[in-house]
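Structure at a glance
Spelled out from the first residue to the last, the chains are:
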Amino acid sequence: MDLENKILRHTTRRHFFENCGFGLGKAALASLLAGNLPAATRGKHHASKIDSVIFLFMAGGPSQLELFDYKPQLVKWDAKPTPEEFIKGKRFAFMDTFNKETPKLLASRREFKQAGNSGMWFSDLVPHISTVADDIAMIHGVCTENFNHGPAKLFTNTGSVRTGRPSIGSWVTYGIGNESKDLPGFVVLQSGPRGPRGGAALWASGFLPTAYQGVPFRSGGDPILDLSSPKGVTPEAQRRTIEAIADLNKMELQATGDEEIATRISQYEMAYRMQTSGPELIDFGQESKETLDLYGAEPGKATYANNCLLARRLVERGVRFVQLYHTDWDHHDDITKPLERVTKEVDQPTAALIKDLKRRGLLDRTLVIWSGEFGRTPMGEVREKGKIGRNHHIDAFSLFMAGGGIKNGHVVGTTDEFGFSPTEEKIEVFDVQATILHLLGIDHKQLTYRFQGRDFRLTDVSGRLIPGLLS
Amino acid sequence: MRLACLILAAGSLFAQSAADTEFFDKQVRPLLRANCNGCHSVNSLNGGLALDSLEALRKGGNRGPAATPGDNNSLILQAVRHEGALKMPLGKKLAPEQVAVLEQWIAKGLPVAQDFKAAKRRQTRHWAFQPVTRPAPPAAAHPWIKSPVDNFILAKLAEAKIQPSPEANRATLLRRVSLDLIGLPPTLEELAAFENDKSPNAYEKQVDRLLASPHYGERQARFWLDLARYADTDGYTIDAPRDIVQWRDWVINAYNANMPYDRFTIEQLAGDLLPNPTNDQLIATGFHRNTPSNFEGGIDFEQYRVEAVADRVATTGSVWMGLTLGCARCHDHKYDPISQREFYQIFAFFNNADEVDREADRKYFNKPFLEIGTPEQIAAHQKWDEDVVALEGKIRNYQEQLVGNADMDEGLKKLRGELNALRRRKPKIQRAMIVRDRATPRDHYIHLGGDFTRKGASVQPDTPSVMPALKTQNNPPNRLDFARWLMSKDNPLTARVTVNRIWQHYFGKGFVETENDFGVMGDKPTHPELLDWLSSEFMDSGWNLKHLHKTIVMSGVYRQDSANRPDAAAADPYNKLLARQNRLRLEAEAIRDSALVASNLLSRKIGGPSVFPPLPAGAGDVTQVKREWKVSPGEDKYRRGLYTYFQRSAAHPALITFDAPDATVACTRRVRSNTPLQALILLNDDAYFEFAQSLGKRILAEAPPTTEARIAHGWKLVTHRAPKPAETARLARFVDAQSDAQTEKNEEAVWTAAARVLLNLDEFMTRE
């Protein structure tokens, strides 16, 4: 039997295993990096609206009240004690700060303007994003479960505040595979002054095979760890090496009949292809100056702008799930200058990504989502004299999406006059997850994995499609 | 226990007459049976409530006691009168005279018949809860048989009409048993000694040598660290370093000393409660301090303490009981006979550990510690600790008084300078995170829906009713009682679960393939009699681990060849009957260790602080708090993978990529994935390139100076066998091409290249 047939049989066997239920296929399933899987059908439950997701994760909790959720009532109530009915029985982070006295409401110092056909509100911090108002769906009043960064980030990614569950990118690539033949299916990019709280747990595969975990890429240097051949090893020598390994492994395959060896041979071939495609991927020399300027990208730097451009290049090449983390949104002390700084880093590239995807015809089959792990309180927080910030708020934050299958140019959900709670139906993080999966053609209730005797899913026992969002 | 006293006390208030008993038997019992017991009995614990014994109904369900003698407001009365939200029986209403019977019964002080007093124990026919038996090995005569284990295996194979495989050749066998027992491949000298040993017990001599090796403890410890979710840092947000390597070394030493598994368990779960515990027994309790801990600003410490305790229950369930106890945290277990109340009864055993549960104690984060040193060192450290706390307080006060810009204030600058200087003067002392109970026990209660802020009924520590009862004089029973209960010989789970997991290490999967789920949703054992035979053998040997390992590796089934058997695969495609050994990719650590042995770089130093081998550039950039990764100098650069510093939020890629667990929850079995990222590491990582260089030099130094001889030597160093002619020819072709491509003759570069090929062979990273 030739190698191709062996690999094919291996693949078939894998499908057979899946149909046979738990336990049989775990090792076999783990055999291929999600990036190398033929588009799996395990999670394809209906026609998809999109092929790829770019999740722009604003780590730290951006203030919806300074950006998108305009609350003129807060101006009247500025510096006045919060009426009890809004905070009674609620738990907040940094309880000790609040326990001393009734917290005071804080009006936003930003100027707000409406943009787009729907009259979506934007503050003066996001002038670029306001220009794509008709290409995004704004969602207000989203709530989450936990008011601490690490657990809340885990929750957004894995549907659990505890570590150990698979992240959404892992579920997606486990469910429907990847279109790219030479890049991993779930790529993680990072910018900002530090890594996101929680680190690798945020893109872990949990109990799913490790082949589905997110692969961190860097926008400078080697995009993937160990992607470059060792110093002094020429491309020809590397090719010779991989050929020799393949030939010797084929002999071992003949001798033992262990099909895992066939998989290993194909993984080495994929590794070699990645070595070639990786440097090409991050070579911005192919981009026009106009495009670089649109994003504000500067080749070679680990910036959010570069990562947005890289994200476009990744989905262009068929990568299924790209997640960008940008840190430093945790504005307890001061909601003015530090927030201005981080929005300046994020505003233009975010808008550029949406525009660029659109003009290349990619936006229809991509979902861009911009969100933090939670938002910030309508009350102010004073940690240092003369400065004012906002605390974590989990009951009503704002996020927006752009792309295929959704009503772009629409606003979904509203919050009360101060922005404490949603006034319509609650939109939960589980709903956001269910909606993302739905757009990819996955029924969130059917994509399950049996672990420790139970069928787990991303959305646990919750989740529904966000009402009024889908087109 | 406590309940017995209550019943006695109640008895003194409400004397029970024969008429009362008759009233119960004729009126109350039939009423309960007809209207309540369908949903509320020990085998159907809706709402956690059983109404089939006095003990159970007094204890009550998740909402608290169902009835209290003389209390006309008892919950059961409220429910049957439809007074509140709770209306019972479901979907109907009792007739007024029936309600009156219950009212009368409670007014009389709940008189019951003798057989209704004590709580019923839950019954199940599920195999795993039945007592462990000692089946006689099936009679069989076959030259292949090396141990009673084989009689069981052979009987199943014979049923399927499959012949076992012959014994593997000596090289394969020694490589296999070395990698399995000590996690390291044999040296060529060890291999030669075995191949030349003509004595009939040559193999047994090797097994005994390996069991006596100090590396045995390292190998077995690594499996145990997986179960314990061991890491060198806290996890979650800050992910700071923690003091836990003492525990890791305790595990290595315990395995090497062949500590009986019952003692091994009891010291780890409750060493602190043993009489006059030694330092070692305290360090052992670090097992359950391996839970991730959150030190992020703005957290509710109680929430994360509760998380850790729940994790301890779930981990204890996975490791010793093979039960998914965690499923019963929010509601009764959907499949297994474990109620939510029982989850919190086990939770209660672990709930008194003295850990930080409020913001005011933030500075004591990760306490309690055992401080190890001379009395003077310990005193100096305590003094230093107090000085730091005092100075920090002084700075806080100063800041609060301060008017103006804090950054410009000279006084503050000076104080901060003092603090930094003081911190640098930290007296050297070793610390170990341990478990110790607090002076005042906590209240234990059911967390409704798994939410610790929603208090349900109070509970006391106890074990699941479906298991043998816990026997103790202590009231309430404590963690030590629980640990002893786990290790009591009538516990049907502990020995089976342990034997199954150890068997899995040798064959890739256990008799029960769902090694962490022996419940009704788990797989049935492929060889139930052998599992029981080994389990009873394990207990009868005094929980002797080395005896168990030796029993398995001496068997004929273990020693078989691993080559595919198309004839057997037709009848047994997954090789469940074990007509051959399984080829298994090595674990992350064993791949590194094997490369270190082949390249002659391995440091065989055992224990001590974790080490920092080279880390690919950028691999640590994903964490919130940047941690320094300074490559360890000298031999510490070449320590076994077990000792690589494990940072939870950015674990070393060479470990994680090869499926080392991420240390979040107990890992009872590692996945064996096969990905291109693994290829990139072995091909390109600086560490592996260095191993290749060293292996290349070694080949040049040790082999006769011909290409064939060098290939033969290098091949043997990584696979422990001689290359076949076709293999030699292919590698020689590669060597020639490498030489031709060079402008200057550089043998070292050529043989580094050849060594890279060798270290990427499937056979190198596989245990045949």
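Our subject in this report is the structure included herewith.

Scoring rules and cut-offs
Residues numbered from 1 in each chain as written. Chains lettered and ligands numbered in written order. Predicted model: local features only at pLDDT ≥ 70, side-chain atom pairs only at ≥ 80, totals over all residues. Heavy atoms only, no water. Helix = DSSP H or I, 4+ residues; strand = E, 2+ residues; numbered from the N terminus. Contact = heavy atoms within 4.5 Å. Areas by Shrake-Rupley, 256 points an atom, 1.4 Å probe, with all protein chains shown as cover. Lys, Arg positive; Asp, Glu negative; His and termini not counted. Charge placed at Lys NZ, Arg CZ, Asp CG, Glu CD. Buried area = accessible area lost by both parts, 1.4 Å probe. Salt bridge = Lys/Arg side-chain N within 4 Å of Asp/Glu carboxyl O. Polar contact = N/O pair within 3.5 Å; in protein donor to acceptor, adjacent residues only side chain to side chain. Nonpolar A, V, L, I, M, F, W, Y, C, P; charged D, E, K, R; others polar. Buried < 20%, exposed > 50% of the residue type's maximum accessible area, 1.4 Å probe, protein only. 1 Å grid on protein atoms, 1.4 Å probe; cavity = no way out; pocket = protein on both sides within 12 Å on 5 of 7 lines; lining within 4 Å. Points joined across faces, edges and corners; volume = space filled by probe spheres on them.

1. Brief notes about the overall build of chain B
Summing up its helical and strand segments, chain B has 30 helices and 8 strands in all. Its C-alpha atoms give chain B principal-axis dimensions of about 105 × 90 × 45 Å. Taking as baseline every contact in chain B between residues at least 6 positions apart, the subset at least 24 positions apart corresponds to 70%. Carbon and sulfur atoms form 53% of the exposed surface of chain B, whose accessible area is close to 30,300 Å². Across chain B, 100 positive and 95 negative side-chain charges occur, with their mean positions spaced 2 Å apart.

2. Side note on the interface of chain A and chain B
As a measure of interface size, the accessible area lost when the parts come together is often cited. Taken together, the contact pairs 82 residues of chain A with 85 residues of chain B. Of the roughly 6,700 Å² buried where chain A meets chain B, counting both sides, 55% is carbon and sulfur surface. Notably, a salt bridge pairs A:Arg264 with B:Asp762, separated by 2.6 Å at the nearest N-O pair. Applying the counting criterion to the chain A and chain B interface returns 22 residue pairs in polar contact (both at pLDDT 80 or more). Broken down by element, the side of chain A that touches chain B gets its largest block of residues, 15 residues, from helix α10 (residues 235-256) of chain A. Of the residues in the side of chain A that touches chain B, the class split is 38 nonpolar, 26 polar and 18 charged.

3. A look at the side chain of A:Glu66
All names here are of chain A. With respect to the element layout, Glu66 can be found in helix α3 (residues 64-67). With relative accessibility at 1%, the residue Glu66 sits in the buried group. Within the structure, the side chain of Glu66 is placed 2.4 Å from the side chain of Ser63, a separation counted as a polar contact. For Glu66, the side chain forms a polar contact with the side chain of Arg390, separated by 2.9 Å. Residues in contact with Glu66, not counting those within four places in the same chain, are Ser108, Arg109, Arg110, Phe112, Ser123, Leu125, Ile335, Leu339 and Arg390.

4. Here's the deal with unusual backbone geometry
Among all residues save glycine, negative phi is the norm, and among peptide bonds the norm is trans. Residues and elements named next belong to chain B. Of note, the bond from Met88 into Pro89 is cis; its omega dihedral lies within 30 degrees of zero at -10 degrees. Cis geometry is adopted by the peptide bond preceding Pro476, which originates at Asn475 and carries an omega value of 0 degrees. By secondary structure assignment, the location of Pro476 is in the loop between β6 (455-458) and α18 (479-486). Unlike most non-glycine residues, Ala663 shows phi in positive territory, near 65 degrees.

5. Considerations on empty space enclosed by the protein
All names here are of chain B. Throughout the structure, instances matching the rule amount to 15 cavities of 30 Å³ or more. Its boundaries defined by the atoms lining it, the largest cavity holds a volume of some 330 Å³. As for the largest cavity, its lining consists of 26 residues, of which Phe223, Arg501, Gln504, His505 and Thr668 are closest to the centre. Listed by contribution, the elements that provide at least two residues to the lining of the largest cavity are α10 (214-228), α19 (494-507) and α21 (545-553). Taken together, the residues of the lining of the largest cavity break down into 11 nonpolar, 7 polar and 8 charged. Estimates place the volume of the second largest cavity at around 190 Å³. A total of 5 residues in the lining of the second largest cavity trace back to one element, the largest contributor, which is helix α14 (residues 301-321). Looking at the lining of the second largest cavity residue by residue, the class counts come to 7 nonpolar, 4 polar and 6 charged.

6. Details of the pattern of salt bridges
Pairing is possible between side chains that carry opposite charge, provided their charged atoms lie close to one another. Counted under the stated rule, the structure contains 89 salt bridges over all chains. A:Arg313 is the partner of A:Glu287 in a salt bridge, and the nearest nitrogen-oxygen pair spans 2.5 Å. One end of the pair, A:Glu287, is in the loop between α11 (259-281) and α12 (289-295); the other, A:Arg313, is in helix α13 (residues 304-316), and 26 residues separate them in sequence. Judged by its relative accessible area of 9%, A:Glu287 is buried. B:Arg81 is the salt-bridge partner of B:Glu83, the closest N and O atoms lying 3.1 Å from each other. You can call B:Arg81 buried: its relative accessible area is 19%. Beyond isolated ion pairs, a larger network of salt bridges with shared partners links A:Glu280, A:Glu287, A:Glu290, A:Arg312, A:Arg313, A:Glu316, A:Arg317, A:Asp356, A:Arg359 and A:Arg360.

On their own, these measurements won't tell you what the molecule is for.
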